[in-house]
Amino acid sequence: MPGRWNAAVTAVAKYLPERRLTNADLEKMVDTSDEWIRTRTGIRERRILEKGLGSSHMAIQAARQILDHRGIGPDEIDLIIVSTVTPDMMFPATACLVQDGIGAKRAWGFDLSAACCGFLYALVVGAKFVETGAHRKVLVIGADKMSSIIDYTDRETCVLFGDGAGAVLLEPVEDPETGLLDFLFQVDGAGGKSLYMPGGGSLNPSTHETVDQKMHFVHQDGRAVFKFAVPSMADVSAEILRQNNLTGEDVALFIPHQANLRIIDAAARRMGIGDDKVVVNIDRYGNTTCGTIPIGLTEAVEEGRLKKGDLLVLASAGAGFTWGSALLRWGI
Ligand code: ACO
């Protein structure tokens, strides 16, 4: 339950690298086809960040835009939370790189790892610091350079992912009906081996052998992930409405994680909402993991799809397994 204040999103931003990797490009790299990728996933192209730049580069670009949009200086930021599965390095945290990159001299920060649910979890954690009155300006970023952990000879994974980042600013509002209203999160660690990167951590530190065995790439059992994700994201999206005595009619916009168009469609159907209320950009960006939801939210704002007082539902499901949803009332 919210404390003295509610936490509301007061600015949004996104960063997508320029370079496009189209389905036609992938046809030349692996045994796949534009038709297969489009019909199975909904993806047409994705963005790829250039070599020599890490996730922090995209996070910093998004963070700078937030400061610009809100008209505030970097020293007004209290806390920076970066959700990512592709930090620039094991440590320091990407949040520290962002803090330095934008010159947020008063801020502290940390990274949060929850794969595709990273941004949602970070949003709620950030909101709690605002609700308690501990902080007034919290920057929550989702950034992933998925191309850095993808094997571009593996057709089962390389068609799915892209690079990108999105960010939001959270600030306190007095209206208890505005901002983050509710959330519903779950994990099931038994699903861990269905989608993971085995190498590079303390269990399998980097060696010639781990590189030869391609342990530093995403490994997934696509069917198992799909079988988990369809009901999980649909259930958690419908359940947050039910527990708030709402129906799909009440929702202005649904912003789901963009992993597969069929997963998105199933969740929207379960909530009883039409396509016009669903944010879809998987066709242009693929799955940017922690980036998908803040990028979708930013595009919705840019396209004028949200107005003050609108209810929106965010939802995600992914590696872990992790899944969750959040209910917000738009306040700007
Ligand atoms: N091009 C052509 N054929 C392919 C490709 C490809 N890129 N990839 C797999 N295939 C083949 C498979 O080898 C299989 O061949 P087989 O029947 O001879 O064994 C065939 O296509 C069909 O495979 P299915 O698994 O039945 O295809 P499905 O309809 O399930 O779609 C997909 C596969 C797209 C991977 C789907 O299972 C999916 O989206 N799963 C979720 C994966 C995902 O989104 N992961 C990330 C989400 S979590 C997160 O965001 C971190």
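Residues numbered from 1 in each chain as written. Predicted model: local features only at pLDDT ≥ 70, side-chain atom pairs only at ≥ 80, totals over all residues. Heavy atoms only, no water.

Caption draft 1: Looking closely at the overall build of the protein. Of regular secondary structure, the protein possesses eleven helices and 13 strands. Whereas a compact globule of 332 residues would reach a radius of gyration of roughly 20 Å, the protein reaches 19 Å, a difference of no more than 12%. In terms of its C-alpha atoms, the protein occupies a principal-axis envelope of roughly 55 × 45 × 35 Å. Scored against the burial criterion, the 332 residues of the protein give a buried share of 54%. Considering only contacts within the protein whose residues lie at least 6 apart along the sequence, 77% involve residues at least 24 apart. As presented, the protein carries roughly 14,300 Å² of accessible surface, and 51% of it is formed by carbon and sulfur atoms. (Helix = DSSP H or I, 4+ residues; strand = E, 2+ residues; numbered from the N terminus. Rg over C-alpha atoms; globule rule 2.2 N^0.38 Å. Buried < 20%, exposed > 50% of the residue type's maximum accessible area, 1.4 Å probe, protein only. Contact = heavy atoms within 4.5 Å. Areas by Shrake-Rupley, 256 points an atom, 1.4 Å probe, with all protein chains shown as cover.)

Caption draft 2: Region of the structure containing the pairing of strand E4 (residues 79-83). Counting buried positions along E4 yields five of five residues, so the element is predominantly enclosed. Taking every second residue as pointing to the same face, both faces of E4 are buried, with Leu 79, Ile 81 and Ser 83 on one and Ile 80 and Val 82 on the other. As judged from the five bridges shared by E4 and strand E5 (residues 108-112), these two strands associate in the parallel manner. Each bridged residue has a counterpart across the sheet, and for Val 82 the counterpart in E5 is Asp 111. Since E4 and E5 lie parallel, the crossover through helix H4 (residues 94-102) that links them has a hand, and here it is right-handed. Bridge count for E4 against strand E6 (residues 138-145) is five bridges, and the pairing is parallel. (Pairing = 2+ DSSP bridges. Right-handed = clockwise from strand over helix to strand, strands pointing away.)

Caption draft 3: Layout of the sheet that holds strand E13 (residues 322-329). Taken together, four strands build an open sheet; the order of strands is E8-E13-E12-E11 and the sheet is mixed. The sheet is open, and its two borders are formed by strand E8 (179-187) and strand E11 (253-256), each paired with just one other strand. With strand direction ignored, the average angle separating the axes of adjacent strands in the sheet is 15°. The strands that helix H11 (residues 292-302) touches are E11 and strand E12 (311-318); relative to E11, the one it contacts most, it runs at about 150°. (Axes fitted to C-alpha atoms, helices over the stretch in contact; angles between N-to-C directions.)

Caption draft 4: Representation of the site of the ligand in the model. Around the ligand, the surrounding shell holds 22 residues, and the nearest of these are Thr 32, Cys 116, His 257, Asn 260 and Asn 287. Here His 257 contributes a side-chain N or O atom positioned 2.8 Å from an oxygen atom of the ligand. In the complex, the protein chains occlude 78% of the 1,000 Å² of accessible area that the ligand would expose alone. Secondary structure elements with two or more residues in the shell around the ligand: helix H2 (34-41), helix H6 (155-158) and helix H8 (222-242). Per-element tally for the shell around the ligand: the top contributor is H8, with four residues. Residues of the shell around the ligand, tallied by class, amount to eight nonpolar, eight polar and six charged. Three or more residues apiece are contributed to the shell around the ligand by two domains, here domain 1 (6-173) and domain 2 (179-329). (Near = heavy atom within 4 Å. Polar contact = N/O pair within 3.5 Å; in protein donor to acceptor, adjacent residues only side chain to side chain. Nonpolar A, V, L, I, M, F, W, Y, C, P; charged D, E, K, R; others polar. Domains from an automatic or database assignment.)

Caption draft 5: Expanded view of the pattern of salt bridges. Applying the stated criterion across every chain yields a total of 13 salt bridges. The closest approach of N and O atoms between Arg 242 and Glu 239, which form a salt bridge, is 2.7 Å. Note that Arg 242 and Glu 239 are positioned in helix H8 at a spacing of three residues, about one turn of the helix. Overall, Glu 239 belongs to the partly exposed group, its relative accessible area being 26%. The partner of Glu 299 in a salt bridge is Arg 284, with the nearest N and O atoms 3.0 Å apart. With Glu 299 in helix H11 and Arg 284 in helix H10 (residues 282-285), this residue pair connects regions lying 15 residues apart in the sequence. Glu 299 sits in the buried class, given a relative accessible area of 5%. (Salt bridge = Lys/Arg side-chain N within 4 Å of Asp/Glu carboxyl O.)

Caption draft 6: Structural view of the nonpolar core. Counting residues in each nonpolar core, the largest one holds 44 residues, and the members touching the most others are Val 218, Phe 254, Ile 273 and Val 313. Taken together, the elements giving at least two residues each to this core come down to E8, H8, helix H9 (261-271), E12 and E13. Looking at this core element by element, the count peaks at eight residues for H8. Residues lining this core come from more than one domain, with at least three contributed by each of domain 1 (6-173) and domain 2 (179-329). Contacts of Phe 254, omitting those with residues within four sequence positions, involve Ser 237, Ile 264, Ala 267, Ala 268, Met 271, Ile 273, Lys 277, Val 278, Val 279, Val 313 and Ala 315. In terms of nonpolar packing, the next biggest core, distinct from the first, is built from 33 residues, Leu 79, Val 124, Leu 306 and Leu 328 among them. (Core = buried A, V, L, I, M, F, W, Y, C linked by side-chain atoms within 4.5 Å.)

Bear in mind that shape data such as this cannot, by itself, settle questions of function.
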